[in-house]
Amino acid sequence: MPYGVVQDMPGVSEHEYRQVERHLGPDRPKGLLAHVAGPSDEGWRIINIWEDEAAFRAFQTERLVRAAGLAAQEDGFDAGKAAGFRSASVDGTEMPF
């Protein structure tokens, strides 16, 4: 069942987003159906649609946490900003496809 995640990260800039993205690497995460990211009034917003919640959780634990850590160590990214993000999730029953 599709699983959507909206991440609002107050105070995060495009530059900081790109720091983490660089450490994720060029390959598309398994199970990712759609990815949209851009500025919001408060910072940066990411919207992802995954095949299911398990695909998102695997990406989060296997890749995203590591990438944010590397960006913090190598690029000076404030990992506290990523740790404090607010998110909202919806499952496939709420999506029209």
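Use the structure listed above.
If you're wondering where the values come from, they're calculated on a predicted model, not measured in any experiment.

1. Description of the pairing of strand 1 (residues 3-10)
Counting buried positions along strand 1 gives 6 out of 8 residues, so the element sits mostly inside the fold. With 8 bridges connecting them, strand 1 and strand 3 (residues 43-50) associate as antiparallel partners. Residue pairing across strands places Tyr3 opposite Trp50, the latter belonging to strand 3.

2. Examining the nonpolar core
Grouped together as the largest cluster of nonpolar side chains are 13 residues, with contacts concentrated most on Val5, Val20, Trp50, Phe56 and Phe77. Of all the secondary-structure elements, those providing two or more residues to this core are strand 1 and helix 2 (53-75). With 7 residues, helix 2 is the largest single contributor of residues to this core. Not counting residues up to four positions away in its chain, the partners in contact with Phe56 are Tyr3, Val5 and Trp50.

3. Re the pairing of strand 2 (residues 32-39)
Bridge count between strand 2 and strand 3: 7 bridges; the pairing is antiparallel. For Pro39, the partnering residue across the bridge sits in strand 3 and is Trp44. Counting the residues that bridge the hairpin from strand 2 to strand 3 gives 3 residues.

4. Quick word on helix 1 (residues 14-24)
When we look at burial in helix 1, the residues that qualify are Glu16, Tyr17, Gln19, Val20 and His23. Each buried residue of helix 1 lies within a common arc of 155° when the element is viewed along its axis, so the set occupies one face. Of the exposed residues in helix 1, those oriented more than 90 degrees away from the buried face are His15 and Arg22. Looking one or two places after helix 1, you find Gly25, whose phi comes out positive at around 90°.

5. Here's the deal with helix 2
When the local axis directions of helix 2 are compared, the greatest deviation, roughly 40°, occurs at Gln60. The set of residues buried in helix 2 consists of Ala55, Phe56, Phe59, Gln60, Arg63, Leu64, Ala67, Ala68, Leu70 and Ala71. Capping the start of helix 2, Asp52 holds a side-chain oxygen 3.3 Å from the backbone nitrogen of Ala54, two or three residues further along. After helix 2 finishes, the residue Gly76 shows a positive phi value of roughly 80°.

6. Description of the environment of Glu16
Positionally, Glu16 belongs in helix 1. Considered as a pair, Glu16 and Ala68 are 52 residues apart in the sequence and their alpha carbons are 9.8 Å apart. What Glu16 contacts, discounting residues up to four positions off in sequence, is Gly11, Phe77 and Lys81.

7. Considering the pattern of salt bridges
Oppositely charged side chains may form a pair once their charged atoms are brought near each other. Evaluated as defined, the whole model comprises 6 salt bridges. With its nearest N and O atoms 2.5 Å apart, the salt bridge here joins Asp8 to Arg45. In this pair, Asp8 sits in strand 1 while Arg45 sits in strand 3, placing the two residues 37 residues apart along the sequence. For Arg45, a relative accessible area of 36% corresponds to the partly exposed category.

Thresholds, definitions, all that
Note on numbering: residues in each chain are counted from 1, in written sequence order. At least 70 in pLDDT is required for a residue's local features to be given in this predicted model, at least 80 for side-chain atom pairs to be given and counted, and no such filter applies to totals for whole chains, interfaces and linings, which use all residues. Only hydrogens and water are set aside when side-chain values are computed; all heavy atoms of the structure are taken into account. Buried means the residue's accessible area, taken with a 1.4 Å probe over protein chains only, is under 20% of the maximum for its type, while exposed means over 50%, and partly exposed covers the values in between. Helix numbers and strand numbers start at the N terminus; a helix is a DSSP run of H or I with at least 4 residues, a strand a run of E with at least 2. DSSP calls a pair of strands paired once it identifies at least 2 bridges connecting them. Residues belong to a common nonpolar core when they are buried Ala, Val, Leu, Ile, Met, Phe, Trp, Tyr or Cys residues joined through side-chain atoms within 4.5 Å. Contacts: residue pairs with any heavy atoms within 4.5 Å of one another. Here the arc refers to the set of directions running from the helix axis out to each C-beta atom. The angle separating two fitted axes, one through the seven residues that finish at a residue and one through the seven that start at it, defines the bend at that residue. Each polar contact in these results corresponds to two N or O atoms within 3.5 Å; when the atoms are within protein, one needs to be able to donate a hydrogen and the other to accept it, and residues that are neighboring in sequence are counted only if both atoms are side-chain atoms. Counted as salt bridges are all cases of a side-chain nitrogen of Lys or Arg within 4 Å of a carboxyl oxygen of Asp or Glu.

Everything listed here is a matter of geometry and, on its own, says nothing about what the molecule does.
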